[in-house]
Structures are given as structure tokens and as C-alpha cells.
Amino acid sequence: MAKKLLLLNGPNLNLLGTREPEVYGADTLADVEQAAVAQAAQAGAELVCFQSNHEGALIDRIHAAKAEGVGAIVINPGGYTHTSVALRDALAGVAIPFVEVHISNIHKREPFRHQSYLSDVAVGTIAGLGIEGYRLAIDFMLKKL
């Protein structure tokens, strides 16, 4: 069976490339997703991408991943990092290992961004490495599958 990964991006990540480029860079979400799909394919794996600004849609996608045989998740939960117990519970509930990714260093930003509701159930967290964090997370999870 082929390795299958899910790349999830939360609210406002659809604005990559135009939203605060001094913080998030000039690459678009499409750029990130294309690179991620190619990276996984090169390793003989399938990577499916999903982005939503809606908490419930992200939770539904996480639930569906279990039935689809997804072996690993890479997630940038965006602002839901700091607010969503429901997203945390969904990830814990499906028991699919995941890496939490943040483009910016959330620990160098506003104090409310220092708390993550996901980190304690994540395999690992990558923050502050720009979009390179996605590549590193995918590489790590491919090795774990």
C-alpha cells in the first residue's frame, strides 16, 4: 500500500503570498502545495492538500482521513492553533500522527500566539522556518511511515 499523507492548512493561509509578506513570505499556498505533492511523489507517496477558513471543514477532513488510510498529517492550523480545542480533539481522536507547522516563529510574536492547543498531541512542531517547515515536516513524516 502506498504511503498517504494529508497536508492541512487553516484559516487565512489561502492568502499566502499577499498577506503580510514580511512575515509569511511571497510564496503562495499553491506554490507550497505543488512543492509538497512533488516531494511526496518523489518518495513514492501520495499527498492530498486541503485548506479551509472554517473549523468544522478542517475537522470533517481530519475525520475523513482516518477512513482513507492516511498515515500522517502535516498541519498549519493558522489562528486555530491558539483557540481550537475541537481541532485538537479531532486530531487526537483519529490517532493519526501529525506535525504542526508554522511559517512564522509564533514564540517571537504576540503573547497569545505562544500557546498551542495542538503541540502536546503532535509528534513535533516546526516554527519560524518559513515554508521550508512544510518540506521538513513532510520529509520527517515520510521517514516515519
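Structure: above.
Residues numbered from 1 in each chain as written. Predicted model: local features only at pLDDT ≥ 70, side-chain atom pairs only at ≥ 80, totals over all residues. Heavy atoms only, no water.

K.L.:
I tried to follow the overall build of the protein on my own but got confused; where do I start?
P.N.:
The helix and strand inventory of the protein stands at five helices and five strands. Tracing the protein from N to C terminus, the helices and strands come up as β-α-α-β-α-β-α-β-β-α. Relative to the 2.2 N^0.38 estimate, which gives 15 Å for 145 residues, the radius of gyration of the protein is 14 Å and therefore close to what a compact globule would have. Structurally, the protein occupies a C-alpha span of about 45 × 30 × 25 Å along its principal axes. Per-residue burial for the protein yields a buried fraction of 42% across its 145 residues. A separation threshold of at least 6 residues defines the contact pool for the protein, and within that pool the share at least 24 residues apart is 76%. As displayed, the protein offers around 6900 Å² of accessible surface, 54% of which is attributable to carbon and sulfur atoms. The distance from the centre of the 12 positive side-chain charges to the centre of the 15 negative ones in the protein is 6 Å. (Helix = DSSP H or I, 4+ residues; strand = E, 2+ residues; numbered from the N terminus. Rg over C-alpha atoms; globule rule 2.2 N^0.38 Å. Buried < 20%, exposed > 50% of the residue type's maximum accessible area, 1.4 Å probe, protein only. Contact = heavy atoms within 4.5 Å. Areas by Shrake-Rupley, 256 points an atom, 1.4 Å probe, with all protein chains shown as cover. Lys, Arg positive; Asp, Glu negative; His and termini not counted. Charge placed at Lys NZ, Arg CZ, Asp CG, Glu CD.)

K.L.:
Looking at this structure, how should I read the side chain of Gln-39?
P.N.:
Within the element layout of this structure, Gln-39 appears in helix α2 (residues 29-42). Discounting residues that sit within four places of it in the chain, Gln-39 has contacts with Arg-135, Ile-138, Asp-139 and Leu-142.

K.L.:
Explain the environment of Gly-71 to me, please; I cannot follow it from the model alone.
P.N.:
Assignment of secondary structure puts Gly-71 in the loop between α3 (55-67) and β3 (72-76). Taking relative accessible area as the criterion, Gly-71 reaches 23% and is therefore assigned partly exposed. In this structure the C-alpha to C-alpha distance between Gly-71 and Lys-108, which are 37 residues apart in sequence, comes to 32 Å.

Function cannot be read off these values alone, since they describe shape.
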